[in-house]
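# Coordinates in review
Each chain, letter by letter, is given below.
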Amino acid sequence: MNVVFAVKQYVSKMIEDSGPGMKVLLMDKETTSIVSMVYTQSEILQKEVYLFERIDSLNRETMKHLKAICFLRPTKENVEYLIQELRRPKYSIYYIYFSNVISKSDVKSLAEADEQEVVAEVQEFYGDYIAVNPHVFSLNLLGCCQGRSWDLAQLSRTAQGLTALLLSLKKCPMIRYQLSSDPAKRLAECVKQVITKEYELFDFRRTEVPPLLLILDRSDDAITPLLNQWTYQAMVHELLGINNNRIDLSRVPGISKDLREVVLSAENDEFYANNMYLNFAEIGSNIKNLMEDFQRRKPKEQQKLESIADMKAFVENYPQFKKMSGTVSKHVTVVGELSRLVGERNLLEVSEVEQELACQNDHSSAHQNVRRLLQNPRVTEFDATRLVMLYALHYERHSSNSLPGLMTDLRNRGVSEKHRKLVSAVVEYGGKRVRGSDLFSPKDAVAITKQFLKGLKGVENVYTQHQPFLHETLDQLIKGRLKDGQYPYLGPSTLRDRPQDIIVFIIGGATYEEALTVYNLNRTTPGVRIVLGGTTIHNTKSFLEEISASGFRGRGIESSQVPARSSSRR
């Protein structure tokens, strides 16, 4: 169950099937992102693809010596663009691949437009999602719901992405969903409808234990996307933002021109692949080792290239040296910038209090620490608001809730009304009234003992005490203890055995902290393979944008105590 490999195979097959000769790859906005996540331009160039074009680009030249490989989403717009293209073909022959199921009527329209008989084949290759890591995928959708209901266009796109994922991994799963979430049930039904309608496509060889698709809702755990992160991939996304493996460093003081945008991809960056899940302290020492190794291999300045053999050796080693040089300068720059931001924003202290808010239950200490940091001028407006959000979510129903006072503190330090309103918007989105589970207080004896032992041991790292709620959910699922009452099956049948292949999808977005959880579960649980997907991959900034885009606007809290809400569930 490797999503990067699945999409990569599709792209390779498209190129191979078109045979030898010079080719153009014709894509749309979304498939361009899908392909760029699994292949670099130089890798595709080696396969005789010399031109990359967008189907919606109007001023493309006619190049009859090129074969066209079209990889497109099966949208109305793309079908229309293709019809226009085939009426006046710019290339010699067309191999057309849709990233999802295409209707018979659309295929008929294309056939009618192909009067010059330039189409060699039309196929469906189900690479209709962004493969982020081997076990993580995203659909790059922000604001998928309006309030607690799906935006219909986003529901349709999500169902398509999820069914394409299942087809690409050759899985026909049983489906479970989070009962407390209407969108989760709705998506489960849509996926089931597609499986029923396209039953021939889903007719895979039966496995002893059927795969399982578990659909969850982000609002059940609004804590995880609000926390600062300390492992490499998650931290880069939180502090710099990762967009389709690209990191914008243009705002870094004194940045050189060639490092204004860098690519971090585990597929072709060995250092990143080995370090993406390690924490910040380890990465610092690994960067040092990388530098030292590089220095050792660096051609000595004084070394004279006297013989032809010397020159030959230098030239042979140069590409490797150049690649390593690029890797070193890229990671030194990224880690240097992370380090600068940690110091400038006082993030060690901020993160320690965030972890206390997420993991401990001492209200008085938490309240004091939040107040102390709100007085600290080095703490940014963004981080101050984030602390108050975490406090508001954790101590929403606490008898000594002091949220109005903290909101006044925010206002007094000049935090904008827009940021202040987001505090109540977050509670509205993911507060106690909405959650189907208890995020903060472990109920059963085992969980209480675990927490007690954790407290005794003293966590190895005060900044990584928190575990996403997803960890507990998956742990229960793997052990066969996940309650049917909270996560029912869609349809009459249930799984008798413990699941082995699990696809978990979070409506409203997953996080890199959850990706790390899944990576660790895959590593430590023999026989279990888990893939995590989300409508997007969030950091705090995008998560707050998601909440606003979903119509949770919030309101001022300073004036009055938050009214106690009735405890009845929606």
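Residues numbered from 1 in each chain as written. Predicted model: local features only at pLDDT ≥ 70, side-chain atom pairs only at ≥ 80, totals over all residues. Heavy atoms only, no water.

Labelled according to an unreviewed UniProt entry, the chain appears under the name Vacuolar protein sorting-associated protein 45, originating from Pelusios castaneus. The record held by UniProt for the chain lists under Sequence similarities (unreviewed entry) the comment "Belongs to the STXBP/unc-18/SEC1 family." Taken verbatim from the UniProt record of the chain, the Function (unreviewed entry) comment is "May play a role in vesicle-mediated protein trafficking from the Golgi stack through the trans-Golgi network." (UniProt positions renumbered as here; feature names shortened; annotations may be inferred.)

## Some points on the overall build of the chain
When its secondary structure is counted, the chain shows 20 helices and 18 strands. Taking all 570 residues of the chain together, the buried fraction comes to 52%. Put simply, of all contacts in the chain between residues at least 6 apart along the chain, 82% involve residues at least 24 apart. Counting only carbon and sulfur atoms, one obtains 50% of the accessible surface of the chain, whose full area is about 27,000 Å². (Helix = DSSP H or I, 4+ residues; strand = E, 2+ residues; numbered from the N terminus. Buried < 20%, exposed > 50% of the residue type's maximum accessible area, 1.4 Å probe, protein only. Contact = heavy atoms within 4.5 Å. Areas by Shrake-Rupley, 256 points an atom, 1.4 Å probe, with all protein chains shown as cover.)

## Considerations on the nonpolar core
Grouped together as the largest cluster of nonpolar side chains are 158 residues, with contacts concentrated most on Leu187 and Ile215. If sequence neighbours within four positions are ignored, leucine 187 has contacts with Trp150, Leu155, Thr158, Ala159, Leu162, Ile215, Phe505 and Ile507. Of all hydrophobic cores here, the second largest spans 19 residues; its members include Leu72, Leu86, Tyr91 and Ile102. (Core = buried A, V, L, I, M, F, W, Y, C linked by side-chain atoms within 4.5 Å.)

## Digging into the environment of lysine 23
Mapping lysine 23 onto the fold places it in strand E1 (residues 23-27). Linking lysine 23 and tyrosine 50, residues 27 residues apart in sequence, is a C-alpha distance of 6.1 Å. Contacts of lysine 23, omitting those with residues within four sequence positions, involve Ile15, Ser18, Lys47, Glu48, Val49, Tyr50, Leu51, Leu66, Lys67 and Ile69. Within the structure, the side chain of lysine 23 is placed 3.0 Å from the backbone oxygen of glycine 19, a separation counted as a polar contact. (Polar contact = N/O pair within 3.5 Å; in protein donor to acceptor, adjacent residues only side chain to side chain.)

## Here's the deal with helix H18 (residues 469-478)
Counting buried positions along H18 yields seven of 10 residues, so the element is predominantly enclosed. When we look at burial in H18, the residues that qualify are Phe469, Leu470, Thr473, Leu474, Asp475, Leu477 and Ile478. Glycine 480 sits one or two positions beyond H18 and adopts a positive phi of about 75°.

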